[in-house]
Amino acid sequence: MSPVHRSDTQPDPEENRSRPRLPARQLSLSSGPADKPFSRRSLSPARELELRRQHSLVFSAGPRRANLGPKIIGDFRTIHAHVADLVHRPESPVHAVKGSSHIKELADLDWHTLSQSEVLQRLSTSATDGLDTGQAKRRLAADGPNEIKPHKSNVFLKIFFYFAGGFGSILITACILCFIAWRPLGEPDPPLDNLALAVVLIIVVCVQAGFNAWQDWSTSRVMASITGMLPSEVLVIRDGNEMRLAARDLVTGDIVCISLGNKLPADLRFIATSSDLKLDRSVLTGESEPVAGTLNSTDANMLETKNIGLQGTLCVGGSGRGVVIQTGRHTIFGRIAKLSSTGAPVRTTLQAEIARFVRIVVVFALSFGLIVTVLWAAWLNKQHYGFITSSGAVTNLVAVCVAFIPEGMPSAVTISLSVVASRLAKNKILCKTLMTVETLGAADILCADKTGTLTKNQMTVASAAILNEEMSPQEAGDRIGRGGNEGQGCKELAAVAGICNAAVFDDSTSDQPIESRLIDGDATDSAILRWAESLHPLRDCQAEWSEVFNIDFNSKTKFMLKILRPALADALPVPISPFDDFTAASLLLLCIGAPDVLLPRCSYVNDPKGGPPLPLTPDILNELSRVQDSWARKGQRVLLLAKRVLTPGMIPAGVIFDDPAFLDLVDQHLHQNLTVVGMVSFYDPPRDDIPETVRIMRGAGIRFFMVTGDFATTALAIAEQCGVISDASRVHRLGDLDRNAQMGSVEKYDVYAENEVPITSLVLSGPDLQQMNEAQWEQACQYVEIVFARTMPEQKLRIVKEFQRRGAIVGMTGDGVNDAPSLKAANVGIAMGGGSDVAMEAADLVLLDPFSSIVVAVEYGRLTFDNLKKTVLYLLSAGCFSELIPILLSVILGVPQALSSIQMILICVVTDVLPAISMCFEKAEAGLLLRKPRNTKTDRLVDWKLLLHAYVFLGLLESLCAASMAFWYLNREGFLFRDILGVLSYGDLPESYNLDAYAEAVRVAQSTYFFTLGVPVEFIFLPLAFAVVMIFLDEARKYRIRSNPKGLLARIAW
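Not measured: the values here are computed from a predicted model. (Residues numbered from 1 in each chain as written. Predicted model: local features only at pLDDT ≥ 70, side-chain atom pairs only at ≥ 80, totals over all residues. Heavy atoms only, no water.)

Another point: the overall build of the chain. Assigned secondary structure in the chain consists of 37 helices and 30 strands. In the chain, buried positions account for 56% of the 1054 residues. Long-range pairs, those at least 24 residues apart, make up 77% of the contacts in the chain between residues at least 6 apart in sequence. Entry remark: accessible area of the chain is about 44200 Å², with carbon and sulfur atoms responsible for 57%. (Helix = DSSP H or I, 4+ residues; strand = E, 2+ residues; numbered from the N terminus. Buried < 20%, exposed > 50% of the residue type's maximum accessible area, 1.4 Å probe, protein only. Contact = heavy atoms within 4.5 Å. Areas by Shrake-Rupley, 256 points an atom, 1.4 Å probe, with all protein chains shown as cover.)

Dropping the structure here:
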């Protein structure tokens, strides 16, 4: 039988405000604790190679498969953040979010808010007897098994789009028409040229499909099977009896018995729990800290509340019972699997431009094809019957489509982007999708973390203070050396700093100087541990205490807490002072954290002169605030250290420290009336290259914002040192944003304004973001310089969404597990190579080098777009318009077609591709990073200016030169142009002409139109002279534009 449970009718203690403690220090996934800042060290060669294989297209040996653990965590946190946003802000738009229907459904679920009786009634089940067998069978037949099957994409549909996507549908149609023109329209003597053209088109379509398949294969994120992460068997209650059942046979309404070591087989609502029920949710959240199971709802968000057990989570303590509320694909796990395996990602800016280009070309091709066909049917076939047969008319229609469509474009774009990705990889920038880098080039906002991104992540203790007596680290050591009452205060400060610390020294370096010893821990803990060790040997202090309870630091509570028991009965160990009421049965509570969080819990402060603790009066509070503010203005991070002696009467006898009720006791009673031991400040200097990086980004028209968890004053000081804020003394705050402003009256920031935009600066904290309404957000989004301070990782998502709603292209950096939602939501998510696997899985780019390499990424992003425009310009003028002219001249003027259809397509897919690809090796134009970001609404890959330049300026000149070569050759062979053209002769040649010789001459003339092998040498070198003339004309055009930037030529220049 199952152990004793607490039923719903028994009183349930008020839910804990803080997270339950971690019974033993454990590591979760390779990502590390979710809320801890990462200590990014230099990457080892092995780790760098691993990251290149996982996140770079260039180094992948196959499709880039998502790392299952980090991917699940990232997807869960993304869904969680969107659901939380929707729960707390119902008006929040989610329509643009991938899987928005799932998010809306999850936000609307109310299983956690219903009472136990309401849940059981809705599911028509009993808490004691469960379902009867008949009910279970009917539900299993209706809802299907409790399985999460990997999504099976429609292979045939995918292959179809490989072939028919882009220009493929037009080319396939053209191929079919060629076969028809060959037979039956070509009967009785089917022209082999039409058959050859059909075969060539088939080859072209297959090659393009291959490129499409390769790109899809290279960038796929196929989620591995997750069946191994779920249990195969489960203990349930049916028909009033406990029985073992295959997990796949579970249905909604089943009562599941949970015990230590069980994985939850479905989403459950707890109906009975033991006092020590705890669940490990690290498979979903990445947090190794177990979560207590409760009976009542603890959060409006179903993904956060503790009375819901999520499928795949592990019971690591206690036991309980739950009623199944969701199974199979409807569970949170199932929804994540579906979102990870289906649905096309949001199109990048470049993909949108290429799709628009395809539409333009297709419309042009179909329009001109229709015009040529109508001309033939309505006029040419009637007035000059036989000049172009029905088979020839179909071939001409195909030729028009072939002429307009740059068949080499897909391969040229794919190869060009692959070359760019390879170049970025050499600069230690891993590009996970080919199209991503161009989006970064179009970004007009870049949000960067402070710690480890803008700063060196080399924390050092800068100052210490007991009340208002400030001292340097060296002065603190001197006081301890001198002894006396003043030394006692510094010794207490060092002891609290060393004991209440999550970092530990590496024993293998214990014989080295303190500065050289290795430490396992984040940068802040490491700095304070090293400083404490320099003041007082910590091994002795730590040996005098044994830990009984702790709460690790996280970004929500912003403090760390430990409760300790003396290891020796008769000792008075540090940091106990002679004024503390401490006995052998007492416990000691130590905590370290943000002053704004801990000061409200403090009642006393240590006397710097060594006397008894002083009451925390308003004057003393002002003194502490003054010290804190003075440090923060220097860009230093401040932590407060506090303690409290817990006498035996404060803790009930027989208390179980693992009991969630004890955590509530700590939060409500024990973690109060603390004594401030002192404060410590840290300094993490900005990277040397960051001011120049920020300057370059600003010069490129990109607004550069800082996002940090530090206090506003500290963040502002660092931001000013980094160049993110120009003048910290002229910064606006929340109070400067009019809450009642009319949206239409807010002056909009225009990155493309000709006149220089006045610099305006703003600093906002996390609490400010929670209070802001739409009018204030509208005003905030117009500032040039912004520092977001004291922000929670979840609030980064809100920042991204607010700027995107106003048309911005946002780049966001991140390295922690909690950053996954904002990295996914940003137009370009940028992860640091030393960050978590979850962040790198969610990001689009991974920077292996310091953040300054973002300059290279932005430059290549802009260069990619510029070079693609050159590629398009070349293909349209040389490969499209110049091929269309011979068809139009033949139909309208009746001259022989100067370029055959087969030659057209060979030119497009063979001879044009290599020159087009060479465009991607073009170096950046001068001032590339002095230009404004590309306006994605007006600055298009193909616009009327580029079409005018391609078709009129270049196309006409190229066609004129090429046609002159073809007809000159015919003239030299004795077929005079006046005879060929005559008075629109349409094939009515003089009787003296030998038709076979004429046909052979036309064949060679077609080669001279686009010179190939087998033509006289003069027809190779004369076009080079034409090329020189065209280069001269183009350079003259450019010179005229530079001389008169507001003239007509400048206004129509592409």
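As annotated in UniProt, the feature "transmembrane region" (unreviewed entry) corresponds to residues 159-182, 194-214, 357-379, 872-895, 901-921, 942-970 and 1009-1033 in the numbering used here. Each end of residues 159-182 is marked by a C-alpha atom, and these two atoms are 27 Å apart; helix forms 88% of the span and strand 0%. Structurally, residues 194-214 comprises 100% helix and 0% strand, and the distance from its first C-alpha atom to its last is 30 Å. (UniProt positions renumbered as here; feature names shortened; annotations may be inferred.)

The next point concerns a nonpolar patch on the surface. Together, Val-155, Ile-159 and Phe-163 give the surface a local cluster of nonpolar side chains, amounting to about 240 Å² of exposed area. By secondary structure assignment, the location of Phe-163 is in helix α6 (residues 155-164). Taking relative accessible area as the criterion, Phe-163 reaches 31% and is therefore assigned partly exposed. (Patch = residues over 30% accessible without salt bridge, like charges linked within 9 Å, V, L, I, M, F, W, Y side chains within 5 Å. Salt bridge = Lys/Arg side-chain N within 4 Å of Asp/Glu carboxyl O.)

Ordered in space as β7-β6-β9, the 3 strands form an open sheet in which the pairing is antiparallel. Edge strands, defined here as strands with exactly one partner in the open sheet, are β7 (291-292) and β9 (314-317). In the sheet, strand β6 (residues 278-280) pairs with β7 via 2 bridges, with the strands oriented antiparallel. Note on β7: the bridge partner recorded for Lys-278 is Ala-292. (Pairing = 2+ DSSP bridges.)

Another aspect to go through is the pairing of strand β22 (residues 637-646). Among the 10 residues in β22, 10 count as buried, and that is most of the element. Side chains Arg-637, Leu-639, Leu-641, Lys-643 and Val-645 project from β22 onto one buried face, and the interleaved Val-638, Leu-640, Ala-642, Arg-644 and Leu-646 project onto a second face that is buried too. As paired strands, β22 and strand β23 (residues 674-683) are joined by 7 bridges and run antiparallel to one another. What sits directly across from Leu-641, in β23, is Gly-678.

Another point: the packing of aromatic side chains. This model, assessed by the stated rule, comprises 15 aromatic pairs. Ring centres of Phe-167 and Phe-357 lie 6.2 Å apart, and the angle between their planes is 85°; this geometry places the pair in the edge-to-face category. Placement of the pair is Phe-167 in the loop between α6 and α7 (168-182) and Phe-357 in helix α11 (residues 349-383), with a sequence separation of 190 residues. Three or more aromatic residues link up through ring pairs in this structure, and these residues are Phe-364, Phe-368, Phe-404 and Tyr-951. In this arrangement the basic side chain of Arg-972 is found over the ring face of Trp-968, its NZ or CZ atom lying 5.6 Å from the centre. (Phe/Tyr/Trp six-rings, centres within 6.5 Å; stacked < 30°, edge-to-face > 60°. Lys NZ or Arg CZ within 6 Å of the ring centre and 35° of its normal.)

Another point: the packing of α11 against helix α12 (residues 390-404). For the pair α11 and α12, the least separation of the axes is 8 Å and the interaxial angle reads 160°. Taken together, the axes of α11 and α12 lie roughly antiparallel to each other. Here the hand of the crossing between α11 and α12 comes out right-handed. Taken together, the residues of α12 that come into contact with α11 (itself represented by Val-361, Phe-364, Ala-365, Phe-368, Gly-369, Val-372, Thr-373 and Trp-376) are Ser-390, Ala-393, Asn-396, Leu-397, Val-400, Cys-401 and Phe-404. In the contact of α11 with α12, the residues fall into 11 nonpolar, 4 polar and no charged. (Axes fitted to C-alpha atoms, helices over the stretch in contact; angles between N-to-C directions. Parallel < 35°, antiparallel > 145°, perpendicular 65-115°, else oblique. Left-handed = near helix turned anticlockwise from the far one by under 90°. Nonpolar A, V, L, I, M, F, W, Y, C, P; charged D, E, K, R; others polar.)

Think of an α-helix as 3.6 residues a turn; residues three or four steps apart then line up on the same face. In terms of residue burial, helix α27 (residues 793-805) counts as a mostly covered element, since 10 of its 13 residues are buried. If you check which residues of α27 are buried, you get Pro-793, Gln-795, Lys-796, Leu-797, Arg-798, Ile-799, Val-800, Lys-801, Glu-802 and Phe-803. In the stretch just after α27, Gly-807 is the one whose phi turns positive, near 85°.

Counting residues in each nonpolar core, the largest one holds 89 residues, and the members touching the most others are Phe-167, Leu-201, Phe-357, Val-872, Leu-876, Leu-970 and Tyr-1009. Of the residues forming this core, the biggest block, 13 residues, is contributed by helix α30 (residues 854-893). Not counting the four nearest positions on each side in its chain, Tyr-1009 is found in contact with Ser-882, Ile-885, Pro-886, Ala-898, Leu-899, Ser-959, Ala-962, Ala-963 and Ala-966. Judged by nonpolar contacts, the second largest core, of 45 residues, contains Ile-429, Phe-704, Ala-719 and Phe-851. (Core = buried A, V, L, I, M, F, W, Y, C linked by side-chain atoms within 4.5 Å.)

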